[in-house]
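# Tertiary structure, described
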Amino acid sequence: MAINNQNNTPDSTHDVTADDFDHVDVPAYTPANSTEYPATETISEYKTTEYPATETISVGREPAYIPPAEPVYETPVPVAETVVEEPAPKRGTIDLGLLLLRLCFGAYLIITALSTFFRWGANEGISGLEAAYAAYPFGSGLAVIVPTLELAAGVFLVLGLITPVAAAVALVVTAFNALHAVVAAGSDWNVLNWDAAVWLPVVLLGIALALQFTGPGLYGVDAGRSWARRPLASSWIWAVVAIALAGVMWWFGTEVNPFA
């Protein structure tokens, strides 16, 4: 420490430096219970693991085309519809009336045919029909065909079985008988000049045509068929077929023009 010579006091006019002290002024300090530790060895090199460098390979091609996924459509779940059954329409006495019509018309055809085959009553049988059809080139064949068709149509109409076909057969045979009655009477087509022998076959023709369009009704074997309740397409089809067959039967069986 610097000492002022005059006052024997430290000089405070300059900074204290290390040269101002000696070993006497600063005692050495050794802490009690001090433990000397070995110097720590500094490791300056670290072992590193070297990995091989990744090699990049460049391939000169376009990337593979991946088609887009197809859209998935959800199937709508059907909603159950509530079906309201309509009550069956009331038919009143129409089925009873159709039954009576079928029974009367069918019974007439059956009795007429059986009387022709077995000569019942005043019927002259097949020989009588052959005499009536003598003017026709195929009179003998017509004398067998006509009662056969009458019997078949009558039986099926009484039973109410396959009525559209049965009514068509009845329409064919009654149309033939009506034309024969007009020609045999020698009268023209003036209805006022017709007698009962002409009117009866004509009325039977009308009944056969009516049954073709009305159906058999619910009192018969065809009760479960559609044409028993509401005939439509079958009636028109079989009516046209029957009229065509009646024309063919008349033209090729008699070779007579009834309108001449």
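Our subject is the structure listed above.
A few points on the structure. (Residues numbered from 1 in each chain as written. Predicted model: local features only at pLDDT ≥ 70, side-chain atom pairs only at ≥ 80, totals over all residues. Heavy atoms only, no water.)

## A few points about the overall build of the protein chain
Selection criterion: Where helices and strands are cited, they refer to DSSP runs of H or I of at least four residues and of E of at least two residues respectively, numbered from the N terminus. Note on classification: 1.4 Å probe, protein chains only; a residue is buried when its accessible area is under 20% of the maximum for its type, exposed when over 50%, partly exposed between these limits. Whether two residues are in contact is decided by their heavy atoms, any of which lying within 4.5 Å being enough. Every accessible area reported is derived by Shrake-Rupley at a probe size of 1.4 Å, with residue values counting cover from the shown protein chains alone.
From N to C terminus, the protein chain includes seven helices and zero strands. Starting at the N terminus, the α and β elements of the protein chain follow one another as α-α-α-α-α-α-α. Here the protein chain, with 260 residues, has 26% of them falling under the buried criterion. Within the protein chain, counting contacts between residues at least 6 apart in sequence, those at least 24 apart form 64% of the total. When the accessible surface of the protein chain is summed, it comes to about 19,500 Å², and 63% of that surface belongs to carbon and sulfur atoms.

## A few points about the layout of surface pockets
Which entries qualify depends on this criterion: The rule is simple: put a 1 Å grid over the protein atoms alone, call a set of points where a 1.4 Å probe fits but cannot get out a cavity, call an open set with protein on both sides within 12 Å along at least five of seven lines a pocket, and count a residue as lining if it has an atom within 4 Å of a point. Grid points are joined across faces, edges and corners, and a volume is the space filled by probe spheres set on the points. Amino acids are sorted into nonpolar (Ala, Val, Leu, Ile, Met, Phe, Trp, Tyr, Cys and Pro), charged (Asp, Glu, Lys and Arg) and polar (every other residue, Gly among them).
Of the voids in this model, the largest pocket is the one considered here, and its volume is about 510 Å³. Contributing to the lining of the largest pocket are 23 residues, with Y108, L129, N177, H180 and P201 lying nearest its centre. For the lining of the largest pocket, the elements supplying multiple residues, two or more each, are α1 (94-118), α2 (125-132), α3 (139-159), α4 (163-185) and α5 (196-214). Looking at the lining of the largest pocket residue by residue, the classes come out as 14 nonpolar, seven polar and two charged. Taken together, L171, A175, A178, L179, V182, W189, W194, V202, L205, L209, I243 and A246 make up the lining of the second largest pocket. Counting residues per element, the ones that place at least two in the lining of the second largest pocket are α4, α5 and α7 (233-254). Of the residues forming the lining of the second largest pocket, the biggest block, five residues, is contributed by α4. Classifying every residue of the lining of the second largest pocket by side-chain character gives 12 nonpolar, no polar and no charged.

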